[in-house]
Amino acid sequence: MRYALLVQGAPYSQQASHSALRFAMALPERGHRLDSVFFYHDGVYNAARLAAPPQDEPHLPDAWRELHERHGTELLVCIASALRRGLLDEREAARHGKEGHSVEPPFELTGLGQLIELGRRCDRLVTFPP
Amino acid sequence: MILHILNRSPGGSLVYRDALASMGPDDRLLLIEDGVQGALPAQVRHFEPVLDRLFALREDLVSRGLEGRCDEAVQVVDVDGFVELTEEADKTVSWF
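Thresholds applied
- Residues numbered from 1 in each chain as written.
- Chains lettered and ligands numbered in written order.
- Predicted model: local features only at pLDDT ≥ 70, side-chain atom pairs only at ≥ 80, totals over all residues.
- Helix = DSSP H or I, 4+ residues; strand = E, 2+ residues; numbered from the N terminus.
- Rg over C-alpha atoms; globule rule 2.2 N^0.38 Å.
- Contact = placed C-beta atoms within 7 Å.
- Nonpolar A, V, L, I, M, F, W, Y, C, P; charged D, E, K, R; others polar.
- Buried ≥ 20, exposed ≤ 12 C-beta atoms within 10 Å, placed from the backbone.
- pLDDT = per-residue confidence, 0-100.
- Pairing = 2+ DSSP bridges.
- Axes fitted to C-alpha atoms, helices over the stretch in contact; angles between N-to-C directions.
- Expected span 1.5 Å × (residues − 1).
- Arc of directions from axis to C-beta.

All right, on to the overall build of chain A then. In terms of regular secondary structure, chain A is built from 5 helices and 5 strands. Whereas a compact globule of 130 residues would reach a radius of gyration of roughly 14 Å, chain A reaches 14 Å, a difference of no more than 12%. Along the longest, intermediate and shortest principal axes, the C-alpha atoms of chain A span 45 × 35 × 25 Å. Nonlocal contacts in chain A, meaning residues at least 24 apart in sequence, comprise 73% of its contacts between residues at least 6 apart.

What follows concerns the interface of chain A and chain B. Taken together, the contact between chain A and chain B spans 13 residues of the former and 13 residues of the latter. Mapped by element, the contributors of at least two residues to the side of chain A that touches chain B are α1 (16-26) and β5 (124-128) of chain A. Among the elements that line the side of chain A that touches chain B, the one with the most residues is α1(A), at 4 residues. Of the residues assigned to the side of chain A that touches chain B, the class counts are 7 nonpolar, 3 polar and 3 charged.

Turning our eyes to something else, we now look at the environment of B:L66. Residue and element names in this part refer to chain B. Mapped onto the elements, L66 comes out in the loop between α2 (58-63) and β4 (75-77). The class of L66 is partly exposed, set by 16 C-beta atoms lying within 10 Å. Remark: the alpha-carbon pair of L66 and V44, spanning 22 residues in sequence, is separated by 14 Å. If sequence neighbours within four positions are ignored, L66 has contacts with V36, L40 and L61.

Low-confidence regions, as indicated by low pLDDT, have predicted coordinates that should not be scrutinised in detail. On average, residues of chain B score 98 in pLDDT, and 100% of them are at 70 or above. Among the scores for the predicted complex, ipTM is 0.97 and pTM is 0.97.

This brings us to the sheet that holds β5(A). All names here are of chain A. One open sheet holds the 5 strands; their spatial order is β4-β3-β2-β1-β5, and the pairing between them is parallel. Edge positions in the sheet fall to β4 (107-110) and β5, since each of these pairs with one other strand and no more. With direction set aside, neighbouring strand axes in the sheet form an average angle of 25°. Sheet topology places strand β3 (residues 74-78) next to β4; 4 bridges connect them, and they run parallel. Considered in β4, the bridge of L75 is made with F107. The strands touched by α1 within the sheet are β1 (2-7), β2 (33-39) and β5, with β1 carrying the most contacts at an inclination of about 170°.

What follows deals with helix α2 (residues 60-71) of chain A. All names here are of chain A. The terminal C-alpha atoms of α2 lie 16 Å apart, and with 12 residues this matches the ideal 16 Å at 1.5 Å per residue to within 8%. Considered for burial, the residues of α2 that qualify are L60, P61, W64 and L67. Here the buried residues of α2 occupy an arc of 120° about the axis, which is enough to place them on one side. Pointing more than 90 degrees away from the buried face of α2 are the exposed residues D62, E69 and R70. On its buried face, α2 sits against α1, β2 and β3. Just beyond α2, the residue with positive phi is G72, at close to 70°.

Residues and elements named next belong to chain A. Going from P105 to P106, the amide bond is cis rather than trans, its omega being 10°. Locating P106 in the fold gives a position in the loop between α4 (90-95) and β4. Although it is not a glycine, Y12 adopts a positive phi angle of roughly 70°. Inspection of the secondary structure puts Y12 in the loop between β1 and α1. Residues other than glycine seldom take positive phi values, yet H41 does so here, at roughly 50°. Looking at the secondary structure, you find H41 in the loop between β2 and α2.

Next up, the structure:
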């Protein structure tokens, strides 16, 4: 089956990101494809390019990146949630006159329409709330 | 059949009441994160109407030192079992 996950909890504050990641890693082993993960509300902090957690703790942004590299999972970040929280890719940083950027591929800033589209396209959409 | 997923303990949030009220006769309820506390004998009575359809996530029980302490009516599943529950359901609803 084709799966999509919606992650709304903040990394390192709530368990949502860890729960979602654990679920994501179990999917391929049961023969499923994880199409996309959509980060919404405080979940967008999962895309922070400059995240530098202590070495003995899970590095969530890196773990999502690895998921993308291994399985081609799209990492979609709600642009409205992201801009409010200072998470900008190069293009948005330039557009808003900011020095430096805080989001980079494979994370993509995108609109809520993509979430609706995921719900339509995937067989299952599982939400991990705060 | 809908799989309802609850991540709040009945001791700390009343959202479980909304979840129970919205459940159809075949729907299932999976307790995850702090929600697994609802699987303990002292709290499981809150889930009386769905005791035959009540699941708890093993990994979250283990991380809270609660494995082996669930009420015997509760079916404990690991993350593979969680995925399987989503396969069997038409869709999932998360309560928080």
